[in-house]
Amino acid sequence: MVEIELDGQKVSVQEGSMVMHAAEKAGTYIPHFCYHKKLSIAANCRMCLVDVEKAPKPMPACATPVTQGMIVRTKSDKALKAQQGVMEFLLINHPLDCPICDQGGECQLQDLAVGYGSGKSRYTEEKRVVFHKNVGPLISMEEMSRCIHCTRCVRFGQEIAGVMELGMAHRGEHSEIQTFVGRTVDSELSGNMIDLCPVGALTSKPFRYSARTWELSRRKSVSPHDSTGANLIVQVKGNQVMRVVPLENEAINECWLSDRDRFSYEGLNSDARLTAPMIKQGGAWKQVDWTQALEYIANGLKSIKADHGAQAIGALASPHSTVEELHLLAQLVRGLGSDNIDHRLRHSDFGNAAPAGQARWLGTSIASLSELDRALVVGSVLRKDHPLFAARLRHAARRGAAVHRIGVNHDDWLMPVAASITAAPSAWVQALADVAAAIGASTGATAPLAGNATDAAKAVAASLLSGQHKAVLLGNAAAEHPQAASLLALAQWIGQQTGASVGYLTAAANSVGAQLVKAQPQAGGLDAGRMLSGTALKAVLLLNTDPVLDAANAGAAAKALDAAEMVVAFSPFKSGLEYADVLLPISPFTETSGSFVNAEGRLQSFVGVARPLIETRPGWKVLRVLGNLLGLDGFNQDSSEQVREQALGGDFAGRLSNATSATPQAAARGEGVERFANLPVYASDALVRNSSPLQLTADGREAATVGLPAGLWQQLGLQPGDSVRIVQDGGAAQLPARLETGLPEGVARVPAGLPETASLGAAFGTLSISKV
């Protein structure tokens with residue numbers, strides 16, 4: 001530790017720290033623009049100049065290392081005059097458009113100009129003008145004359161997002177922040193540049209000119225999308241969500257948000273919102289009141305139970321639903337005498353489940369991902385499935401961590417990948433067995449499945465056997481894989497031999513919570529696969545899900561729903577119009593209270609930030625009233641807090657388990673082209689699918705394309721821009737094709753979760769492809 005004197009106060013900081021760090025520790029504010037605690041030091045704005053004793057001139061606090069006995073003054077005349085001089089230079093070319101600037105009221109330059117700026121300008125020459133730029137549907141660069149060249153956005157792209165999409169061109173007063181040859185900004189973390197910009201140069205395009213910051217109320221919430229559980233501040237005006245920004249939580253999302261978390265709120269205000277209960281009569285939809293709709297459902301369920309038995313009733317729920325909603329849905333179905341409930345619509349191996357009331361989870365803390373020395377990621381499209389987890393692993397890789405992966409392609413994770421084993425999904429078990437064999441050869445242990453210690457497997461094994469902090473992480477595709485139990489068994493053996501933690505990245509905001517509240521069959525009930533593969537169900541309750549888009553086999557799901565006598569959709573959106581009989585408008589996460597349990601097993605509760613839209617009602621209240629109409633016990637709760645207490649009880653940390661007794665087995669590959677059904681980042685749930693700005697991004701526009709390996713591309717004689725016809729399980733689709741180098745031969749990447757592919761079959765099945 002090094003001790004310095006800062007404005008007469010003794011401060012001890014770590015050796016190698018900067019004066020700015022000492023000031024932060026002492027609670028002393030030093031004005032700055034380019035400095036940010038999460039980014040590298042640039043020292044190019046010079047606003048943080050301070051008076052260091054014995055230094056001939058003011059020194060930048062962000063780039064001046066502390067030394068023992070250093071004396072620093074931040075409020076002396078020398079320091080203040082230097083800061084005022086820098087402010088005058090910064091304002092020379094800055095446009096006088098504060099009244100129309102979206103940053104007005106929360107502008108760092110505006111705030112500091114009050115304290116360090118002059119009442120009038122001595123500059124009489126013409127101000128420079130920078131031409132506006134179009135970089136996509138999320139970030140507005142319409143007013144780049146406001147830019148002060150702090151380069152925060154450039155450094156964020158390089159260091160956090162992993163891709164330098166913005167850079168500084170030209171020199172001196174001709175300097176400009178711009179993209180390379182007119183490209184758009186397409187990172188899944190790009191919206192953080194808006195937060196980082198200290199002026200009004202980078203602003204939110206969806207929010208642009210829609211409200212002033214002082215008109216907005218600010219309320220805390222939790223993201224309902226991926227399993228990070230990112231903390232949010234939702235900003236509301238007139239009962240309408242206008243903007244979402246991050247709430248800093250170092251243990252979860254730090255100070256970042258993915259674009260999915262930030263811009264999905266646009267779906268809340270879309271025309272697709274369902275605002276009143278509706279019943280289909282004679283093939284036409286009729287709007288009804290809540291009493292009529294709930295009585296219709298209750299009478300229908302009683303009638304079907306009497307005619308076909310309780311086992312003809314089933315429920316399918318999205319893991320994006322809250323703990324409270326899932327608990328009451330499970331209680332309702334079981335109260336009727338059925339155990340047919342499941343949230344694992346995309347899964348294929350339903351035998352790979354934790355014991356009743358326990359849950360598969362990350363196996364470590366989210367924060368620890370940044371500190372890993374070694375990581376093996378199996379079956380994950382990491383950047384798109386878990387953008388903030390990817391950012392943490394990227395940080396670890398920048399520190400020297402070795403990140404390895406087993407997957408279907410060499411997707412660019414925008415980080416150094418030490419070793420990458422590419423294999424068809426049917427060969428993932430064997431690829432992991434090869435790594436286990438290489439570890440066994442080094443440790444003398446016998447691997448649970450015979451493997452071939454290839455050079456790539458040896459490289460992964462040697463890496464995992466070294467280092468201190470290690471993790472084997474199973475991605476969404478590994479959890480949904482037909483041999484998920486074998487993948488977990490091998491991962492557990494590797495973890496035991498190498499001292500690595502083993503866990504699932506987990507797919508949705510409440511995947512862990514859904515398991516804890518037993519929103520899956522316990523004894524004798526049908527799992528999601530069996531419910532959606534036949535005609536056993538006569539009544540189907542759908543909670544926040546559209547099985548045709550959310551199931552592992554979309555084509556089979558559509559047939560099963562068509563065969564049911566009554567399908568009830570609890571949803572904020574008009575989804576399932578073609579197969580549903582009743583639509584009930586339940587509240588999205590912004591209009592209800594509830595809880596999510598994220599990947600690390602952290603329970604996070606939130607309250608509604610806006611009143612429910614028109615006739616929309618919180619899902620837990622709708623389920624409670626329906627339970628009362630059916631005469632079931634356990635539906636007398638007065639608040640979501642009471643539901644949560646009943647659902648989870650006290651501390652549940654001891655119920656998080658990735659233990660398995662499965663014996664891994666290799667699988668034979670089927671005939672035909674093997675399908676890998678990735679879930680596009682902006683097709684993960686209904687809220688995201690209805691957000692028009694996200695659908696206009698490059699990821700949204702290019703989601704409905706088929707990736708083909710080089711051999712198959714040449715075999716079909718394809719050229720860029722050509723389309724292909726895909727046939728699978730009696731369904732067909734026609735989509736644009738693209739050459740995807742690195743895909744194993746005989747594998748095609750055909751996305752799931754899209755209307756364009758909703759007629760196709762199993763996510764891990766085989767299909768045939770022909771040129772159109």
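Residues numbered from 1 in each chain as written. Predicted model: local features only at pLDDT ≥ 70, side-chain atom pairs only at ≥ 80, totals over all residues. Heavy atoms only, no water.

So, the overall build of the protein
When helices and strands are counted, the protein shows 24 helices and 33 strands. Rg of the C-alpha trace for the protein: 28 Å, near the compact-globule value of 28 Å for 772 residues, within the 12% margin. With the C-alpha coordinates aligned to their principal axes, the bounding extent of the protein is approximately 90 × 65 × 55 Å. Here the protein holds 772 residues, and 61% of them are scored as buried. Long-range pairs, those at least 24 residues apart, make up 72% of the contacts in the protein with a sequence separation of at least 6. Accessible surface, the protein as shown: approximately 29,300 Å² in total, 50% of it carbon and sulfur. Computing the positive centroid from 70 side-chain charges and the negative centroid from 74, the protein places the two 3 Å apart. (Helix = DSSP H or I, 4+ residues; strand = E, 2+ residues; numbered from the N terminus. Rg over C-alpha atoms; globule rule 2.2 N^0.38 Å. Buried < 20%, exposed > 50% of the residue type's maximum accessible area, 1.4 Å probe, protein only. Contact = heavy atoms within 4.5 Å. Areas by Shrake-Rupley, 256 points an atom, 1.4 Å probe, with all protein chains shown as cover. Lys, Arg positive; Asp, Glu negative; His and termini not counted. Charge placed at Lys NZ, Arg CZ, Asp CG, Glu CD.)

Quick notes on the environment of Gly451
For Gly451, the location among the structural elements is in the loop between α11 (428–443) and α12 (455–464). Given the relative accessible area of 35%, Gly451 is considered partly exposed. Distance in space between the C-alpha atoms of Gly451 and Cys197 is 51 Å, their sequence separation being 254 residues. Non-local contacts of Gly451, meaning those with residues more than four positions away in its chain, are made with Gln430, Ala433, Asp434 and Ala437.

Overview of the sheet that holds strand β7 (residues 139–141)
With antiparallel pairing, 3 strands are arranged side by side in an open sheet as β6-β7-β10. Across the chains shown, the open sheet's two edge strands, defined by having one partner strand only, are β6 (133–134) and β10 (203–204). (Pairing = 2+ DSSP bridges.)

Things to note about the UniProt feature "domain: 4Fe-4S Mo/W bis-MGD-type" (unreviewed entry) in the protein
Residues annotated by UniProt as "domain: 4Fe-4S Mo/W bis-MGD-type" (unreviewed entry) correspond here to residues 216–272. Secondary structure over residues 216–272 splits into 9% helix and 35% strand, and the C-alpha atoms at its two ends are 25 Å apart. (UniProt positions renumbered as here; feature names shortened; annotations may be inferred.)

Notes on the nonpolar core
Residues Phe33, Met47, Ile139, Phe156, Leu166 and Leu202 are the most contacted members of the largest nonpolar core, which totals 69 residues. Among the elements that make up this core, the one with the highest residue count is helix α4 (residues 152–161) (5 residues). Beyond its immediate stretch of four places on either side in the chain, Met47 contacts Pro31, His32, Phe33, Gln83, Val86, Met87, Leu90, Leu112 and Tyr116. In terms of nonpolar packing, the next biggest core, distinct from the first, is built from 51 residues, Leu301, Val323, Phe570 and Val643 among them. (Core = buried A, V, L, I, M, F, W, Y, C linked by side-chain atoms within 4.5 Å.)

Points about the sheet that holds strand β23 (residues 539–543)
With mixed pairing, 7 strands are arranged side by side in an open sheet as β15-β14-β25-β24-β23-β16-β17. Two strands in the sheet have a free side with no partner beyond their single neighbour: β15 (284–287) and β17 (341–342). Examined bridge by bridge, strand β14 (residues 278–281) and strand β25 (residues 582–585) share 2 bridges and lie antiparallel to one another. Residue pairing in the sheet places Met278 in a bridge with Leu583 of β25.

Considering the UniProt feature "domain: 4Fe-4S His(Cys)3-ligated-type" (unreviewed entry) in the protein
Per the UniProt record, "domain: 4Fe-4S His(Cys)3-ligated-type" (unreviewed entry) is annotated on residues 78–117. Across residues 78–117, helical content stands at 60% and strand content at 0%; the span's end C-alpha atoms are separated by 16 Å.

What to know about the pattern of salt bridges
One pass over the structure, following the stated rule, counts 30 salt bridges. For Glu371, the salt bridge identified is with Arg399, shortest N-O distance 4.0 Å. Of the two residues, Glu371 is situated in the loop between β17 and β18 (374–378) and Arg399 in the loop between α10 (387–398) and β19 (402–407); the sequence distance between them amounts to 28 residues. Given the relative accessible area of 41%, Glu371 is considered partly exposed. Via salt bridges that share partners, Glu188, Arg383, Lys384 and Asp699 belong to a single interconnected network. (Salt bridge = Lys/Arg side-chain N within 4 Å of Asp/Glu carboxyl O.)

Details of the packing of aromatic side chains
Under the definition given, this model contains 3 aromatic pairs. Ring geometry for Phe156 versus Trp256: centroids 5.1 Å apart, planes at 55°, classification tilted. Of this pair, Phe156 sits in helix α4 while Trp256 is found in the loop between β13 (240–246) and α6 (259–263), placing the two residues 100 residues apart along the sequence. Its relative accessible area of 0% is what places Phe156 among the buried residues. Classification of Trp256 as buried rests on a relative accessible area of 4%. Aromatic pair Phe596 and Phe606: ring centres 5.1 Å apart, planes at 35°, arrangement tilted. (Phe/Tyr/Trp six-rings, centres within 6.5 Å; stacked < 30°, edge-to-face > 60°.)

Remarks on the environment of Gly631
Within the fold, Gly631 resides in the loop between α19 (619–629) and α20 (640–648). The class of Gly631 is exposed, set by a relative accessible area of 60%.

Considerations on helix α1 (residues 19–26)
For α1, every residue scored as buried is listed here: Val19, Met20, Ala22 and Ala23. Buried residues of α1, seen end-on, are gathered within an arc of 160° and therefore sit on one face of the element. Among the structural elements, β1 (2–6), β2 (9–13), β3 (49–52) and β5 (71–73) are those in contact with the buried residues of α1. Looking one or two residues beyond α1, the residue adopting positive phi is Gly27, at roughly 80°. (Arc of directions from axis to C-beta.)

Quick word on α10
Between the first and last C-alpha of α10 there are 16 Å, a value that for 12 residues agrees with the 16 Å anticipated at 1.5 Å per step. In terms of burial, α10 is a largely internal element, 10 of the 12 residues being buried. Taken as a whole, α10 has its buried residues at Pro387, Leu388, Phe389, Ala390, Ala391, Arg392, Leu393, Arg394, Ala396 and Ala397. Summarising the contacts, the buried residues of α10 are in contact with α4, α6, β18, α9 (382–385), β19 and β21 (470–474). Of the residues flanking the end of α10, it is Gly400, one or two places downstream, whose phi is positive at about 115°. (Expected span 1.5 Å × (residues − 1).)

Describing unusual backbone geometry
Phi is positive for Lys54, close to 80°, though the residue is something other than glycine. Topologically, Lys54 is positioned in the loop between β3 and β4 (59–60). Exposure remark for Lys54: the relative accessible area of 81% places this residue in the exposed category. Backbone geometry at Tyr209 places phi at a positive 60°, although glycine is not the residue there.

As for the side chain of Ser187
For Ser187, the position within the fold is in the loop between β9 (176–179) and α5 (192–196). Take Ser187: its relative accessible area is 3%, and that puts it in the buried class. Other than its neighbours up to four places away in sequence, Ser187 contacts Ala161, Val163, Glu165 and Asp259.

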